[in-house]
Amino acid sequence: MLSFFVPGEVVPQGRPRATRAGTGIRVYEPKRSREWKRRIELATAVAMEQAGIKEQILDQPVAFQVNAYFKRPQSHFNSKGELRPSAPKHHLGRKDTDNILKLVCDGVTPLIPHDQIVTTVSASKHWAVAGASGYGPGVHIRVVRSLQDLTD
């Protein structure tokens, strides 16, 4: 149904922050999470326009796939720019898959205003592969109407 890529350094949903505001407490979302969520909202709106989708999905179950791609640190490469044999195959860093998924689900509101209609989820983290053979840093988002479409 809809598949698109949002380039950039992937940011997971941050923990809510609190500060004193006069006699009360103000709770807010971290700036990096807000900015990344806004990028996903804009990319979703553009992808919808390009696909000719004019309405939000409100009452149909959807399947959701999120693949996050991260830039490898320089320490993974030798002096010739080749990947070291000791470089990890999987991204096991601090950016939790569930927090990335949460931010993306909240960011696709132009298409899915309430993530309660998402019935199936697939999420993964990968190292980015530059060039035509793969994705650079960013997140690939795919929203389909059924689980069968997700496996195709």
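Below you will find a few notes about this structure. Remember, predicted model here, so these are calculated numbers, not experimental data. (Residues numbered from 1 in each chain as written. Predicted model: local features only at pLDDT ≥ 70, side-chain atom pairs only at ≥ 80, totals over all residues. Heavy atoms only, no water.)

Here we take up the environment of Gly-138. Mapped onto the secondary structure, Gly-138 falls in strand β6 (residues 138-144). You can call Gly-138 buried: its relative accessible area is 0%. (Helix = DSSP H or I, 4+ residues; strand = E, 2+ residues; numbered from the N terminus. Buried < 20%, exposed > 50% of the residue type's maximum accessible area, 1.4 Å probe, protein only.)

What follows concerns the pattern of salt bridges. Under the counting rule described, the total for this entry stands at six salt bridges. Measuring nitrogen to oxygen at the nearest pair gives 3.1 Å for the salt bridge that ties Arg-32 to Glu-9. Separated by 23 residues along the polypeptide, Arg-32 in helix α1 (residues 31-51) and Glu-9 in the loop between β1 (2-7) and β2 (17-21) bring together distant segments of the chain. Arg-32 sits in the partly exposed class, given a relative accessible area of 47%. Exposure remark for Glu-9: the relative accessible area of 51% places this residue in the exposed category. Between Asp-106 and Lys-37 there is a salt bridge; the shortest N-O distance is 3.8 Å. Taken as a pair, Asp-106 in helix α2 (residues 97-107) and Lys-37 in helix α1 lie far apart in primary sequence, 69 residues in all. (Salt bridge = Lys/Arg side-chain N within 4 Å of Asp/Glu carboxyl O.)

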